[in-house]
Amino acid sequence: GILASTIIVKSLSQLAKDIEHIGKGNFKTRCNIKSKDEIGLLAATINQMVEELSALMRNVTGISTTVAVSSDMLASSAQQTNASTEEVVRAVGEVT
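These numbers come from a predicted model, not from an experiment.

A.B. asks: Which parts of the structure should I look at to understand the nonpolar core?
C.D. replies: Among soluble globular proteins, nonpolar side chains are generally buried collectively. Membership of the largest hydrophobic core is limited to eight residues, which are Leu15, Ile22, Cys31, Ile33, Ile39, Ala43, Ile46 and Val50. Taken together, the elements giving at least two residues each to this core come down to helix 1 (2-23) and helix 2 (38-95). When residues of this core are assigned to their parent elements, the largest contribution, four residues, is made by helix 2. The residues contacting alanine 43, other than those within four sequence positions of it, are Leu15, Cys31 and Ile33.

Structure (structure tokens):
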């Protein structure tokens, strides 16, 4: 009775703390509850969710880097096009 309630409350309290850390973006946090009951299953499921979120964040970071590089390349290309256009305008001005 009381012992089981104490264990359940302690496990849920620890689970709540872990979820709070995860919710703040600490994806290195893992729930260390290894019981074979529903609370243990919930902890294992949360750990799996955190793994998936971590992978997603790594993917987003990689894509963001690719977009930044592409953006820099486009900006450079636009500058070159602008310089070429100015050169053509000067040449046309000299011809007329």
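After that view, the rundown keeps rolling.
A.B. asks: Where do I start with the side chain of aspartate 18 in this structure?
C.D. replies: With respect to the secondary-structure elements, aspartate 18 resides in helix 1. Although aspartate 18 lies buried, it forms no salt bridge, and the closest oppositely charged side chain, lysine 17, sits 8.4 Å away as judged by the N-O distance. If sequence neighbours within four positions are ignored, aspartate 18 has contacts with Thr29, Arg30, Cys31 and Asn32.

A.B. asks: Explain the pattern of salt bridges to me, please; I cannot follow it from the model alone.
C.D. replies: Where charged atoms from two side chains of opposite charge approach closely, those side chains can pair. Summed over all chains, the structure comprises three salt bridges. Taking the shortest distance from any N to any O, the salt bridge between glutamate 20 and lysine 24 comes out at 3.4 Å. For lysine 24, a relative accessible area of 67% corresponds to the exposed category. One salt bridge in this structure joins glutamate 51 and arginine 30, with 2.5 Å as the shortest N-O distance. Within this pair, whereas glutamate 51 is found in helix 2, its partner arginine 30 is found in the loop between helix 1 and helix 2, the two being separated by 21 residues in sequence. Under the relative-accessibility criterion, glutamate 51 is labelled partly exposed at 38%. By relative accessible area, which is 26% here, arginine 30 ends up partly exposed.

A.B. asks: What am I meant to see in the environment of glutamine 14 here?
C.D. replies: Examined against the element boundaries, glutamine 14 turns out to sit in helix 1. Assessed through its relative accessible area of 36%, glutamine 14 is described here as partly exposed. Taking the C-alpha atoms as reference points, glutamine 14 and valine 92, 78 residues apart in sequence, are found 75 Å from one another. At a separation of 2.9 Å, a polar atom in the side chain of glutamine 14 contacts the side chain of aspartate 18.

So, how was this worked out
- Residues numbered from 1 in each chain as written.
- Predicted model: local features only at pLDDT ≥ 70, side-chain atom pairs only at ≥ 80, totals over all residues.
- Heavy atoms only, no water.
- Core = buried A, V, L, I, M, F, W, Y, C linked by side-chain atoms within 4.5 Å.
- Buried < 20%, exposed > 50% of the residue type's maximum accessible area, 1.4 Å probe, protein only.
- Helix = DSSP H or I, 4+ residues; strand = E, 2+ residues; numbered from the N terminus.
- Contact = heavy atoms within 4.5 Å.
- Lys, Arg positive; Asp, Glu negative; His and termini not counted.
- Salt bridge = Lys/Arg side-chain N within 4 Å of Asp/Glu carboxyl O.
- Polar contact = N/O pair within 3.5 Å; in protein donor to acceptor, adjacent residues only side chain to side chain.

Take it as geometry only, folks, not as evidence of what the structure does.
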